[in-house]
Amino acid sequence: MHVCITANLAVVAAFILQASPVIGAFDGNLNYDSPSRRHPSLGIDVPHVSRRSMKRGNTAYAASDLNFTHGVASGDPFADSVILWTRVAPSRASDASNVTVEGPVPLYNHDTQVYIEASSSPICVDWAVFPVGGANGSTVAKGKAYTTSDIDYTVKVEAAGLKPFTVYNYQFTICGSDVKSPVGRTRTAPTADAEVPEVNFAVFSCSNYPNGYFNAYGNAARKDDQDYFVHLGDYIYEGADQGERAHDPPRLLFTLYDYRTRYGQYRTDLDLQLAAQNFAWITTWDDHEVSNNGYRDGSSGLNNTEDSFIKSGGVSVDQRKMNAVRAYFEWMPIRQVDLDDNLRVWRTFQMGNLLDFIVLDTRNYDRSITSLDWNDDYIDMIRDDASRTLMGSRQENWFYNELSKSSKRGAAWRIVGNQILFSKIYESYGLSGDNWSGYTANRNRTLKHLYDNKIENNIFLAGDSHQNWVSDLVWLDEKPYDPKTGEGSIGVEFAGTAVSSGGEDGPILRARTQAEYRVGNNSELQWQDGYYRGYISLSVKPKSVEARFYGSPSVASRNSWDLPLANFTVLSGQNKLARPVGGGSVEAGALRGGVTKPTNVTLNTDTWEWDVVGYDQMYIEDQ
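A quick note: this is a predicted structure, and the numbers were derived from the prediction, not measured.

### A few points about the overall build of the protein
At step 1: Scanning the protein from terminus to terminus reveals 12 helices and 27 strands.
At step 2: Looking at the protein residue by residue over its 623 residues, the buried ones come to 61%.
At step 3: Across the protein, the fraction of contacts at a sequence separation of at least 24, relative to all contacts at a separation of at least 6, is 73%.
At step 4: Accessible area for the protein stands at about 22900 Å²; split by element, carbon and sulfur atoms hold 50% of it.

What follows is the structure in structure tokens.
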């Protein structure tokens, strides 16, 4: 039961006297909106929530009973605005409702599930954006928003009227009190026509909470040499792993409550909180935000069949995806993106005349069937079918148009943020069915568009595989290519390892042997390492792109050691990795035409001291 504080009845009186402003303040919280403006049934009935809040006898929470439970975050930077996020609630526990759209109801609505009592006491927050080092008295943007249990007490607002490519601080305050959130820091994007000398990104993927600590987030945040943080998916995992950092809830995720609780757990990690508080994020999802190896009609653990439905507790594919997507949009600092057919996160960020950052969804939007752990022979038979698509025709056409538009407008670079490995990589078992190699026609169409239209300076980013891969971007068997010089390439792929998810098991020498096999077996692959967890630091300048790969010596404990693994350069107009690749030497893995020189000389990002560091254990032990 909620604690009723009589002293705050004045807040309720204000609701009764000012109904229209109240509704406006509810609308100011973007999480009441549907993730898709063309699917209003995924939204919250704001007039109903407002009327419920004004019922006689309702009392507001006391500010002393509330906390900013999961810090603050920001994301999706535009030149004049940015998304700000927080959660303010009486406890860390998520709302227990499981309803999204169920039955013949027009809108997402707690009242369709009578045994769950929605909160009738909205929580009011003021938000302010101000110059770095300033105070709320020097605000450049401010507003008010309400939140309720309907959206798990999350708050997401758009701070507008900001200057381009500018760093700001921001803060939330519970209305009429001195209870404040931590001070966040964010940055807007440059205008599309601005002369921009440099933009820096930290690139992450695959953060599995029980598998290890999120040291990569903390290391990149403390070094503080990035403009934006990018996450390419698998921000959470849907599993039921136990141990030192056991998953909460302790089961596979199916319900809205499940997904909300899991996001809340991940956002208690101190290094993730630090990174979220201090950088604007650009994110997309992969499969584990919903379910392993997902596609448009299911995943490895749940498919659109009666048998699968019964075995999975009576939750359909569509309902599970709807639950996952609702929680994602509640908890992530992402804009509600308009769409035509389905739930859309694919979008583009123009950053001056320097680059266009094109974000794809190669997983959930309209993907043909993928490897489901039991159908690999079937996928191998159909991988070359012309009808197979990772993105669906609408997104695919949009993607090609974005590439062409970027080139025509004169952007120096095209940075493509996608979930899965693009290059054609042969493993010991053959080709994967769950990355671009399982969708040959889609990859060929992409390469054809780049080559035929002479679109240059392309950088593809990927996550998903939990390993590092650096390749020239090549249309093998169709265009001539020289692995020694890189001639014939149309760009470069930088695919990063995981924040904490598992890679090559066992000692580092075995992982290096595997890397040597992969580099020797794939002509376009120039460097590979599967041992370290970590991230990519990407520096984009008009004349070059530099990618620096960093590794954490261990994620079995929270630590601040940051090991430089390898550095790569791409020169403008060259469309290939600069030779000698990696400067001829790397710390780990295998480098084509170069040497591996392990030193273990590692930076402590807390003390800025260097030392020789080694750990016997990479991951938290299974329990």
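This is not the end of the story, as more comes after the structure.
### With respect to the packing of aromatic side chains
Two measures describe an aromatic ring pair: the distance that separates the ring centres and the angle between the ring planes.
At step 1: Under the definition given, this model contains 35 aromatic pairs.
At step 2: Summarising the aromatic geometry, the rings of Phe 201 and Tyr 228 are spaced 5.9 Å apart at their centres and angled 35 degrees between planes, so their arrangement reads as tilted. Separated by 27 residues along the polypeptide, Phe 201 in strand β8 (residues 199–204) and Tyr 228 in strand β9 (residues 228–231) bring together distant segments of the chain.
At step 3: Given a relative accessible area of 0%, Phe 201 falls into the buried group.
At step 4: With a centroid separation of 5.8 Å and 90 degrees between ring planes, the pair formed by Phe 549 and Phe 568 is classed as edge-to-face. Taken together, the positions of Phe 549 in strand β21 (residues 544–552) and Phe 568 in strand β22 (residues 561–571) put the pair 19 residues apart, joining distant regions of the chain.
At step 5: The ring of Tyr 209 is capped by Arg 245, whose NZ or CZ atom sits 3.7 Å from the centre of that ring.

### Considering the state of the cysteines
At step 1: Under the criterion given, the structure shown has one disulfide.
At step 2: What pairs with Cys 124 in a disulfide is Cys 175, and their sulfur atoms sit 2.0 Å apart. When the S-S torsion is -60 degrees, as for the bridge of Cys 124 with Cys 175, the disulfide is left-handed. Highlighted residues: Cys 124 in strand β3 (residues 123–131) and Cys 175 in the loop between β6 (167–174) and β7 (184–187), separated in sequence by 51 residues.

### A few points about the pattern of salt bridges
At step 1: Evaluated as defined, the whole model comprises 30 salt bridges.
At step 2: In this structure, Glu 158 and Arg 335 form a salt bridge, with 2.8 Å as the shortest nitrogen-oxygen distance. With Glu 158 in strand β5 (residues 154–160) and Arg 335 in the loop between α8 (317–331) and β11 (347–351), this residue pair connects regions lying 177 residues apart in the sequence.
At step 3: Given the relative accessible area of 37%, Glu 158 is considered partly exposed.
At step 4: Relative accessible area serves as the criterion here: at 10%, Arg 335 is assigned to the buried category.
At step 5: Between Arg 363 and Asp 287 there is a salt bridge, with the nearest N and O atoms lying 4.0 Å from each other. With Arg 363 in the loop between β12 (355–359) and α9 (376–382) and Asp 287 in the loop between β10 (280–283) and α7 (306–311), this residue pair connects regions lying 76 residues apart in the sequence. With respect to burial, Arg 363 and Asp 287 carry one shared label: buried.
At step 6: What emerges from the salt-bridge pattern is a single network uniting Asp 286, Asp 287, Arg 363, Arg 367, Asp 434 and Asp 464.

### A short note on the pairing of strand β2 (residues 81–89)
At step 1: Summarising burial for β2: nine of the nine residues are buried, a large majority.
At step 2: Burial along β2 is two-sided: the face carrying Ser 81, Ile 83, Trp 85, Arg 87 and Ala 89 and the face carrying Val 82, Leu 84, Thr 86 and Val 88 are both buried.
At step 3: Bridge count between strand β1 (residues 67–75) and β2: six bridges; the pairing is antiparallel. Paired with Val 72 across the strands is Thr 86, a residue of β2.

### Notes on a nonpolar patch on the surface
At step 1: Together, Val 601, Trp 610 and Val 612 line one region of the surface with nonpolar side chains, adding up to about 300 Å² of accessible area.
At step 2: By secondary structure assignment, the location of Val 601 is in strand β26 (residues 601–604).
At step 3: The class of Val 601 is partly exposed, set by a relative accessible area of 35%.

### Some remarks on the sheet that holds strand β17 (residues 468–473)
Strand pairing in a sheet relies on backbone hydrogen bonds. The paired strands run either parallel or antiparallel.
At step 1: Read across the sheet, eight strands follow the order β11-β12-β13-β16-β18-β17-β19-β24 without closing on themselves; strand pairing throughout is mixed. Edge positions in the sheet fall to β11 and β24 (590–591), since each has one partner strand and no second.
At step 2: In the sheet, β12 pairs with strand β13 (residues 413–417) via five bridges, with the strands oriented parallel. Each residue of the ladder has a partner; that of Val 359, found in β13, is Gly 417.
At step 3: Sitting on the sheet, helix α12 (residues 508–521) touches β17, β19 (525–529) and β24, and the angle it makes with β19 is about 165 degrees.

### Digging into the sheet that holds strand β20 (residues 533–541)
At step 1: On the basis of which strands lie adjacent, the open sheet formed by 11 strands has the order β5-β2-β1-β10-β9-β8-β20-β21-β22-β26-β27 and mixed pairing. Two strands lie at the open edges of the sheet, namely β5 and β27 (609–612), each paired on one side alone. For this sheet, the mean inter-axis angle between neighbouring strands, taken without regard to orientation, is 35 degrees.
At step 2: For β22 and β26, the ladder comprises two bridges, and the chain directions are antiparallel. When the sheet's bridge partners are listed, Asp 562 is paired in β26 with Leu 603.

### Remarks on helix α4 (residues 215–223)
At step 1: Burial analysis of α4 places nine of its nine residues in the buried class, the great majority of the element.
At step 2: Positive phi shows up at Asp 224, right after α4, with a value of about 55 degrees.

### As for the packing of α4 against helix α6 (residues 270–278)
At step 1: Following both chains from N to C, one finds α4 and α6 inclined at 40 degrees, their axes separated by 7 Å at the closest point. Viewed along their axes, α4 and α6 adopt a mutual orientation that is oblique. In the crossing of α4 with α6, the sense of the turn from one axis to the other is left-handed. Contact residues: Asn 215, Tyr 217, Gly 218, Ala 221 and Arg 222 in α4; Asp 271, Leu 272, Leu 274 and Ala 275 in α6.
At step 2: Of the residues that constitute the contact of α4 with α6, the class distribution is five nonpolar, two polar and two charged.

### A few points about the environment of Ala 246
At step 1: Looking at where Ala 246 falls in the secondary structure, it is placed in the loop between β9 and α5 (256–266).
At step 2: When near neighbours in sequence (up to four residues on either side) are disregarded, Ala 246 contacts Asp 241 and Gln 265.

### A short note on the pairing of β7
At step 1: The alternating pattern of β7 places Gly 184 and Thr 186 on one face and Arg 185 and Arg 187 on the opposite face, and all of these are buried.
At step 2: Both β6 and β7 contribute to a ladder of four bridges, which runs antiparallel. Residue pairing in the sheet places Asn 169 in a bridge with Arg 185 of β7.

Thresholds, definitions, all that
- Residues numbered from 1 in each chain as written.
- Predicted model: local features only at pLDDT ≥ 70, side-chain atom pairs only at ≥ 80, totals over all residues.
- Heavy atoms only, no water.
- Helix = DSSP H or I, 4+ residues; strand = E, 2+ residues; numbered from the N terminus.
- Buried < 20%, exposed > 50% of the residue type's maximum accessible area, 1.4 Å probe, protein only.
- Contact = heavy atoms within 4.5 Å.
- Areas by Shrake-Rupley, 256 points an atom, 1.4 Å probe, with all protein chains shown as cover.
- Phe/Tyr/Trp six-rings, centres within 6.5 Å; stacked < 30°, edge-to-face > 60°.
- Lys NZ or Arg CZ within 6 Å of the ring centre and 35° of its normal.
- Disulfide = S-S within 2.5 Å.
- Salt bridge = Lys/Arg side-chain N within 4 Å of Asp/Glu carboxyl O.
- Pairing = 2+ DSSP bridges.
- Patch = residues over 30% accessible without salt bridge, like charges linked within 9 Å, V, L, I, M, F, W, Y side chains within 5 Å.
- Axes fitted to C-alpha atoms, helices over the stretch in contact; angles between N-to-C directions.
- Parallel < 35°, antiparallel > 145°, perpendicular 65-115°, else oblique.
- Left-handed = near helix turned anticlockwise from the far one by under 90°.
- Nonpolar A, V, L, I, M, F, W, Y, C, P; charged D, E, K, R; others polar.

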